[in-house]
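Close look at the chain arrangement
Below are the chains, spelled out letter by letter.
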Amino acid sequence: MNRQVCIIGGGVAGMQTAAALDAIGIPSLLVEKSAALGGRLREHHRLFPYLDSGTELLGRLEDSLRRAALADVRLDSEVTRITGEAPDFSVELNGAEVVTPVAAIVAAAGFEPFDASQQEEYGYGVYRNVINGLDLERLLHPDGATGGELRRPSDGQPVRDLAIVFCVGSRNEKLGRRFCSRVCCAFSTKQAIEIKERYPETSVTCFYIDIRTYGRGFEEMYHRAQQSGVRYIRGRVAECGQLADGRITIKAENTLLNKPVRGSFDLVSLSQGMAPCRDAAQIAEMLRLERDESGFFTSRAAESAPNDSARPGVFLAGAVTGLKPIPDCITDGNAVSARIAAYLRSLD
Amino acid sequence: MPIEKTAATGQTTRPRGSYRWRYQGKSVGILSDNCLDITESASGDTRQYLSDIGLTELGQTVCFQCGTCSAVCPHDQDLENGDKLNIRQLIQETQFSPTRSIGDRRWLCATCNACVSQCPRDVDITAQMSGLRRFALESGTDSVPHSAKLAMTSLASLGNPFAEPRERRRDWTNGHQFKSPDSEVELLFFPGCFPAYDTRAGKIALAISQILRRVGVNFAVLGSRESCCGESVRRLGNESLFRQLAEQNIAAFREAGVSRVLVTSPHCYHTFKDEYPEFGADFEVVHYTTYLWDLIRQGRLKLRHNHSLRVTYHDPCYLGRHHDIYREPRQILESIPGLELVEMADHSQRSLCCGGGGGRIWTDLNTEQNMPARRLAQAVATGADVLLTACPYCLTNFDSINESDGDGSGIQVSDIAELVLAALETDE
């Protein structure tokens, strides 16, 4: 049971995996390519659906790792080569140090936000007042450039009206991105509530195709948004334009009223979807794992063994198997630890 | 409005939703148009029919009703009067039955492809419109707008939509003599119906032929042996007439030994290039804008005459969105000295349709629905002296509304070929 496990990715799923393994007495090597743990969580000020603090959650995860004597955290590190078979893998870090033997490997490499400039009709990167969901999160963050004040990027003026465009880079054959990114409806609805509750005078309009509230507390959050005055218009935004004063025009159809919608807004936020992380292909190749048409890692059995890969000793956690909210990544970390414990025990 | 009459006659003589007609010697039909799914009540032969005309193959079943199509549809730009064609709604209806309450709206689509170019589910809405129209004609559930019916009658017997004799197809030449095809010619110039018969559009054909002659291109024209390309006929769903016209032209081209055809109209370009090969055509087709740009690039065509003009360019839907030809027309304009090109609010991929496609050019729908007027207003707003286009339909639509409006906006409507001819160097 005291063989070492290598975890690729120090985001929520990877951190929780390391902490859970430590709790049951299994040592781990947590490899994170950036200079800090936390992954994408670091970009989120408040979390859906309860508007809890992202900073606090990150602090708790970091604390649990500090207390985890068996977790060896390697920042600024990348797995560059994997040789051997379970339970005797050799893992090369940064093209130099080789750690061996490694009994099991967890792919917890996470996701990448969609680059909204690829959907040219919205003018992200061209019109200054078209931003994406993470830009909006930074605008709302007390440590952000505006000190947490919602202001137009073009001139720093307060935002009187904001539109949020859902399903950007998701559910789109033209972009070759067929999948629903799952968490963006909730993420953007959370932002709409925050803005409406902090700035009651600011109008917030969400343009959506379907609202997907599959997670616990999501539907209630959607209800809370509507109660706080957020307007939802069922209709996908076809294009954005820019007026001389920097306001952003929007073209859509209100598909419930069968009427064209034309409006202009101080600020437009694109609720961008997500995709497997940039190095997913490289990691899959090193681990000799299959991915689906969207690039997510394929489990041994999607229903009965979601955290097992097809290869013995290689496990999957977090967004590599599909986009999921934070509690599901925590659950994955715990689940994969149990799978690893069972696997290591089977070796004894 | 003729369209309402035809819709009424289509619906009143039969019990609701019950239709039978002949297809390939078999009786096919639809029992009811208010079932959950048309194929539930349809026989195997009927299902085969729906598949043959493309209605079950065009992907409308995967539409998720997001409204992108209706948001960009030129019909829906009219906020004052509301939309007469809600394309999203129409697709929802046709997911259940091609007859279901679609009525006259199926004839409104200009097949401009704005919707197709942005549909996130890749539904071929333009092709679906042709399928729906073909269904209406062949099943007898609806008939074409009256004005288009007249055009088609004329096309069937005379090969042109204007009930004009075939001999007058050379009228555009204005007395100039052009040779008939022989083994020596580089290419056949195919002016198309509007340039052949319409006085205004005829000037485009004349300009192109003059340019070719000045450059020394060895070309020929078919004259009275030329028939309408049939592009708009197929968009209107009259498949048998389209086939007849296509076969006539292919036979004429073959007899003349033609291997390369130069066209004025993006509509001829579309059907020659993408649709005639279905009937064994094996000639190359080139639109005059790409041809002229090639001549300029090769140094064969020199544009030196200075034009101090501010111009704007309207992308014809069948050149731009249907065939991705956006650069060449602009490159031609940029090579005319002194010319300043300014773009309209909607241009290139987002160009706003003139309203003439999909067979609408032969109907009164154009002007009733203000589509050319909306586009003209965008052109005027650029402050340009001239609105240029590269399609006889667009020119005809803009020109008619420009004259009839008489609002003194002062924009001139012209074709790129006319401007090129004027800019041609005149030494020697």
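Within any chain, residue numbers begin from 1 and follow the written order of that chain's sequence. As a convention, the first chain written is A and the first ligand written is 1, with the rest following in written order. Given that this is a predicted model, residues contribute local features only at a pLDDT of at least 70 and side-chain atom pairs are listed and counted only at 80 or more, while totals for whole chains, interfaces and linings are drawn from all residues. Excluded from the side-chain calculation are hydrogens and water; included are all heavy atoms of the structure.

Things to note about the overall build of chain B
Heads up, the condition is: The helix and strand labels rest on DSSP assignments: H or I over at least four residues marks a helix, E over at least two residues marks a strand, and numbering proceeds from the N terminus. Buried residues are those whose accessible area, probed at 1.4 Å on protein chains only, stays under 20% of the maximum for their type, while exposed residues exceed 50% and partly exposed ones sit between those limits. Computed with the Shrake-Rupley method and a 1.4 Å probe, the accessible areas treat only the protein chains shown as cover for residues.
Looking only at helices and strands, chain B has 19 helices and 10 strands in total. Taken across its 428 residues, chain B has 62% of its residues classed as buried. When the accessible surface of chain B is split by element, carbon and sulfur atoms take 47% of a total near 16400 Å².

Description of the packing of aromatic side chains
Residue and element names in this part refer to chain B. Quick reminder of the rule: Stacked, edge-to-face and tilted are the three classes for Phe, Tyr and Trp ring pairs, Trp counted by its six-membered ring, which pair at centre distances within 6.5 Å; planes under 30 degrees apart are stacked, over 60 edge-to-face, the rest tilted.
Within this structure, the stated rule accounts for 25 aromatic pairs over all chains. With a centroid separation of 6.2 Å and an interplanar angle of 65°, the aromatic rings of Phe-242 and Tyr-276 are classed as edge-to-face. Here Tyr-276 lies in the loop between helix H13 (266-275) and strand E6 (284-287) and Phe-242 lies in helix H12 (residues 239-256), a separation of 34 residues in the sequence. Comparing Phe-242 with Tyr-276 shows no difference in burial state: the two are buried. Here the aromatic residues Phe-190, Phe-242, Phe-253, Phe-272, Tyr-276, Phe-279 and Phe-283 are joined through ring pairs into a cluster of three or more.

Some thoughts on the nonpolar core
The criterion, for reference: Residues belong to one nonpolar core when they are buried, are Ala, Val, Leu, Ile, Met, Phe, Trp, Tyr or Cys, and are joined through side-chain atoms within 4.5 Å. Note on contacts: a residue pair qualifies if any of its non-hydrogen atoms lie within 4.5 Å across the two residues.
Ranked by internal contacts, the top residues of the largest apolar core, which has 97 residues, are Phe-272 and Leu-301 of chain B. Non-local contacts of Phe-272 of chain B, meaning those with residues more than four positions away in its chain, are made with Phe-190, Cys-229, Phe-253, Val-261, Val-263, Pro-277, Phe-283 and Val-285 of chain B. Counting residues in each nonpolar core, the second largest holds 38 residues, with Leu-139, Leu-140, Ile-193 and Val-230 of chain A among its members.

Some points on the sheet that holds strand E13 (residues 231-234) of chain A
All names here are of chain A. Here is the rule: For two strands to count as paired, DSSP must find a minimum of two bridges between them. For helices, the axis comes from a line fit to the C-alpha atoms of the stretch in contact; other axes are also lines fit to C-alpha atoms, and the angle between any two N-to-C directions lies between 0 and 180 degrees.
Pairing is parallel across the open sheet formed by 5 strands, whose spatial order is E10-E17-E11-E12-E13. Each having just a single partner strand, strand E10 (130-132) and E13 make up the two edges of the open sheet. Recorded for the sheet is a direction-independent mean angle of 25° between the axes of neighbouring strands. As defined by bridge partners, E10 adjoins strand E17 (residues 267-272) across 3 bridges and the pair is classed as parallel. Within the sheet, the bridge partner assigned to Val-130 lies in E17 and is Val-268. Contacts from helix H4 (residues 184-198) reach strand E11 (161-168), strand E12 (203-208), E13 and E17, with the element oriented near 175° to E11.

Structural notes on the interface of chain A and chain B
The parts lose accessible area when they come together, and the size of an interface is often stated as this lost area. Inclusion rule: Accessible area that two parts lose when put together, evaluated with a 1.4 Å probe and summed over both, is termed the buried area. In the sections that follow, a salt bridge refers to a side-chain nitrogen of Lys or Arg positioned within 4 Å of a carboxyl oxygen of Asp or Glu. Any residue that is not Ala, Val, Leu, Ile, Met, Phe, Trp, Tyr, Cys, Pro, Asp, Glu, Lys or Arg is counted as polar, Gly included; the first ten are nonpolar and the last four charged.
Counting residues at the interface gives 20 residues for chain A, matched by 24 residues for chain B. Of the roughly 1900 Å² buried between chain A and chain B on both sides combined, carbon and sulfur atoms contribute 43%. The largest share of the area that chain A buries against chain B comes from Lys-174, Arg-236 and Glu-253 of chain A, three residues that together contribute 28% of it. For Asp-122 of chain B, the salt bridge identified is with Lys-174 of chain A, shortest N-O distance 2.6 Å. For the side of chain A that touches chain B, the secondary-structure elements that each account for two or more residues are strand E14 (239-242), strand E15 (248-254) and strand E16 (259-265) of chain A. The biggest single contributor to the side of chain A that touches chain B is E15 of chain A, with 3 residues. Taken together, the residues that form the side of chain A that touches chain B break down as 5 nonpolar, 4 polar and 11 charged.

Concerning the side chain of Gln-272 of chain A
All names here are of chain A. This is how the line gets drawn: Counted as a polar contact is a pair of N or O atoms within 3.5 Å, where, for protein atoms, one must be capable of donating a hydrogen and the other of accepting one, and residues adjacent in sequence contribute only when both atoms are in side chains.
The topology assignment puts Gln-272 in strand E17. In this structure the side chain of Gln-272 is engaged in a polar contact, spanning 3.1 Å, whose partner is the backbone nitrogen of Gly-133. When sequence neighbours within four positions are dropped, the list of residues in contact with Gln-272 reads Pro-113, Phe-114, Asn-132, Gly-133, Leu-134, Val-168 and Cys-184.

Concerning the confidence of the model for chain B
Residues and elements named next belong to chain B. Put simply, the rule is: Per residue, pLDDT captures the predictor's confidence, and it can take any value from 0 to 100.
The share of residues in chain B with pLDDT of 70 or more is 86%, and the mean pLDDT across the chain is 86. Predicted confidence is poor over residues 1-15, with pLDDT under 50, and the contacts of this stretch with residues over four places away or in other chains come to 21 contacts. Taken together, the chains of this predicted complex give a pTM of 0.88 and an interface ipTM of 0.87.

Examining the pairing of strand E2 (residues 28-31) of chain A
Residues and elements named next belong to chain A. Operational definition: Orienting the strands away from the viewer, one traces the path from the first strand over the helix to the second; a clockwise path indicates a right-handed crossover.
Going residue by residue along E2, you find Ser-28 and Leu-30 tucked away on one face and Leu-29 and Val-31 tucked away on the opposite face as well. Inspection of the sheet shows strand E1 (residues 4-8) paired to E2 by 4 bridges, in the parallel sense. Within E2, the position partnered with Ile-8 by the bridge is Val-31. For the crossover from E1 across helix H1 (residues 12-23) to E2, the handedness is right-handed. Two strands pair when backbone bridges link them, and E2 and strand E5 (residues 71-74) are joined in this way by 4 bridges, in the parallel orientation. Bridged to Val-31 within E5 is Arg-74.

A look at the environment of Pro-145 of chain B
With respect to the secondary-structure elements, Pro-145 of chain B resides in the loop between helix H7 (125-139) and helix H8 (146-158). The spatial distance from the C-alpha of Pro-145 of chain B to the C-alpha of Leu-236 of chain B is 9.7 Å, given a sequence separation of 91 residues.

Structural notes on the sheet that holds strand E4 (residues 219-220) of chain B
Residues and elements named next belong to chain B. Pairing is parallel in the open sheet, where 4 strands are placed in the order E4-E3-E5-E6. Of all strands in the sheet, those bounded by a partner on one side alone are E4 and E6. Across 4 bridges, strand E5 (residues 260-263) lies against E6 in parallel orientation. Bridge assignment links Arg-260 to a residue of E6, and that residue is Glu-284.

Focus on the pairing of E14 of chain A
Residues and elements named next belong to chain A. Bridge analysis of E14 against E15 gives 4 bridges, and the strand direction is antiparallel. The partner of Gly-241 across the bridge, within E15, is Thr-249. What sits between E14 and E15 in their antiparallel hairpin is a turn of 5 residues, with Gly-246 showing a positive phi close to 90°.

Some details on the pattern of salt bridges
All names here are of chain B. All chains considered together, the criterion is met by 48 salt bridges over all chains. Across the pair Glu-164 and Arg-168 runs a salt bridge, and its minimum N-O distance is 2.9 Å. On the basis of relative accessibility, which here comes to 24%, the residue Glu-164 falls in the partly exposed class. You can call Arg-168 partly exposed: its relative accessible area is 37%. Salt-bridge contacts for Glu-226 lead to Arg-169; the nearest nitrogen and oxygen are separated by 3.0 Å. Here the residue Glu-226 occupies a position in the loop between E4 and helix H11 (231-235), and Arg-169 occupies one in the loop between H8 and strand E3 (187-190), the gap between them amounting to 57 residues.

Quick word on the packing of H1 of chain A against helix H7 (residues 326-347) of chain A
Helix-helix packing is described using two parameters, namely the angle between the two axes and the distance between the axes. Residues and elements named next belong to chain A. Filter applied, for reference: Here roughly perpendicular refers to angles of 65 to 115 degrees, roughly parallel to angles under 35, roughly antiparallel to angles over 145, and oblique to all remaining angles. Here is the rule for handedness: rotate from the far helix to the near one, and if that takes an anticlockwise turn smaller than a right angle the crossing is left-handed, while a clockwise turn gives right-handed.
Contact pair H1 / H7: the axes reach a minimum separation of 8 Å and the direction vectors enclose 40°. Taken together, the axes of H1 and H7 are oblique relative to one another. Here the hand of the crossing between H1 and H7 comes out right-handed. Contact residues: Val-12, Ala-13, Gln-16, Thr-17, Ala-20 and Leu-21 in H1; Ile-326, Cys-329, Ile-330, Gly-333, Asn-334, Val-336, Ser-337 and Ile-340 in H7.

Remarks on unusual backbone geometry
Residues and elements named next belong to chain A. With an omega dihedral of 0°, the bond running from Ala-86 to Pro-87 counts as a cis peptide bond. Residue placement: Pro-87 occurs in the loop between strand E6 (79-83) and strand E7 (89-93). The amide bond that connects Thr-100 to the next residue, Pro-101, takes the cis arrangement and shows omega of -5°. Counting through the fold element by element, Pro-101 comes out in strand E8 (residues 97-107). Phi at Arg-182 is positive, roughly 70°, even though this residue is not glycine. With respect to the element layout, Arg-182 can be found in the loop between E11 and H4. A relative accessible area of 32% places Arg-182 in the partly exposed class.

Some points on the packing of helix H10 (residues 199-215) of chain B against helix H19 (residues 416-423) of chain B
Residue and element names in this part refer to chain B. Axis separation between H10 and H19 bottoms out at 8 Å; the angle between their running directions is 45°. Looking at the two axes, H10 sits oblique to H19. When you trace H10 past H19, the crossing you get is left-handed. Contacts from Arg-200, Lys-203, Ile-204, Ala-207, Ile-208, Gln-210, Ile-211 and Arg-214 in H10 reach Ala-417, Glu-418, Val-420 and Leu-421 in H19. Of the residues assigned to the contact of H10 with H19, the class counts are 7 nonpolar, 1 polar and 4 charged.

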